[in-house]
Amino acid sequence: DGYTTCQKIKANPETADIPVIFVTAQDSSFDEAHAFTMGGADFISKPVSPAVVRARVRAQLTIKAQADLLRRLAFVDGLTGIANRRQFDESLQAAWSDTKRRHEPLGLIRIDVDHFKLYNDTYGHERGDACLQAVADALKSTMKRGLDLVARFGGEEFAVLLPNTNLEGVLSIAEDCRRSVEALQIPHRSSSTAKTITISLGAAVLVPSQQTAAEELLKTADKQLYAAKQNGRNRVAASAE
């Protein structure tokens, strides 16, 4: 029946946000309350007026559009326009579960803008913000698939999530990212690495299993990022398990 159908729609994450309007001959307060309990957005008793139905549908579509916009804004970094840390954390957990079920590798690249504090101290925070925006655009431009995610991890740190990508593929994308940022040729006279903005990258690949957790992938990528910095910056360090 309609109640069970609505309940199943709301139980599926892919359809849970679709508003459901009950149009029914039942008109008791119990039936109406039950419809809302099952996840209904509105309740219209028969006989119906087409004009009223259209108006209520429009109202629900407006509410849905507003909710979608707020949800998107909650997952977008305000400065760079790419995914924020919240979006990254949720996407990592989802990708981990999906690749574990499929027995596929999951790649992650951690990225740090080299000597960024010195850049801010030298050129000012306004130039610093513009620099981060340019870096974010450069990183995003290197992505070839819709399922790959570039996110601002925090401050001058970024992360790239690469589902179903082996070490060779992750290394190739990481090097593309490094070259893309280097090609921006943003002057950085205070850098001891180069005279322009550069990035250091730590890449890791894991095939998720019951014995591992997504945090291990993050830790491995962080360790490789540290190695890239220790070995001179403006380079990629990687590990696969």
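Note: the structure precedes this text.
Residues numbered from 1 in each chain as written. Predicted model: local features only at pLDDT ≥ 70, side-chain atom pairs only at ≥ 80, totals over all residues. Heavy atoms only, no water.

Student: It is not clear to me how the packing of helix α5 (residues 116-123) against helix α6 (residues 125-141) should be interpreted in this structure. Could you clarify?
Tutor: In a packed pair of helices, the relevant descriptors are the angle between the two axes and the axis-to-axis distance. Running from N to C, α5 and α6 point in directions that differ by 135°, and their axes come no closer than 7 Å. Between α5 and α6, the angle falls in the class oblique. When α5 is examined against α6, the residues Phe116, Tyr119, Asn120 and Tyr123 are found in contact with a partner set consisting of His125, Arg127, Gly128, Cys131 and Leu132. (Axes fitted to C-alpha atoms, helices over the stretch in contact; angles between N-to-C directions. Helix = DSSP H or I, 4+ residues; strand = E, 2+ residues; numbered from the N terminus. Parallel < 35°, antiparallel > 145°, perpendicular 65-115°, else oblique. Contact = heavy atoms within 4.5 Å.)

Student: Explain the packing of aromatic side chains to me, please; I cannot follow it from the model alone.
Tutor: Across all of its chains, the model carries 4 aromatic pairs by this definition. Taking the centre distance of 5.4 Å and the plane angle of 80° together, the rings of phenylalanine 88 and phenylalanine 153 count as edge-to-face. In this pair, phenylalanine 88 is assigned in helix α4 (residues 85-102) and phenylalanine 153 in strand β4 (residues 149-154), connecting sequence segments 65 residues apart. Given the relative accessible area of 0%, phenylalanine 88 is considered buried. Taking the relative accessible area as the measure of exposure, phenylalanine 153 reaches 12% and is therefore buried. Among the aromatic residues, those joined into a ring-pair cluster are Phe116, Tyr119 and Tyr123. Geometry around phenylalanine 153 places arginine 85 over its ring, the cationic atom sitting 3.8 Å from the centre. The ring of phenylalanine 153 carries the charged tip of arginine 110 above its face, separated from the ring centre by 4.1 Å. (Phe/Tyr/Trp six-rings, centres within 6.5 Å; stacked < 30°, edge-to-face > 60°. Buried < 20%, exposed > 50% of the residue type's maximum accessible area, 1.4 Å probe, protein only. Lys NZ or Arg CZ within 6 Å of the ring centre and 35° of its normal.)

Read these as geometric descriptors, not functional statements.
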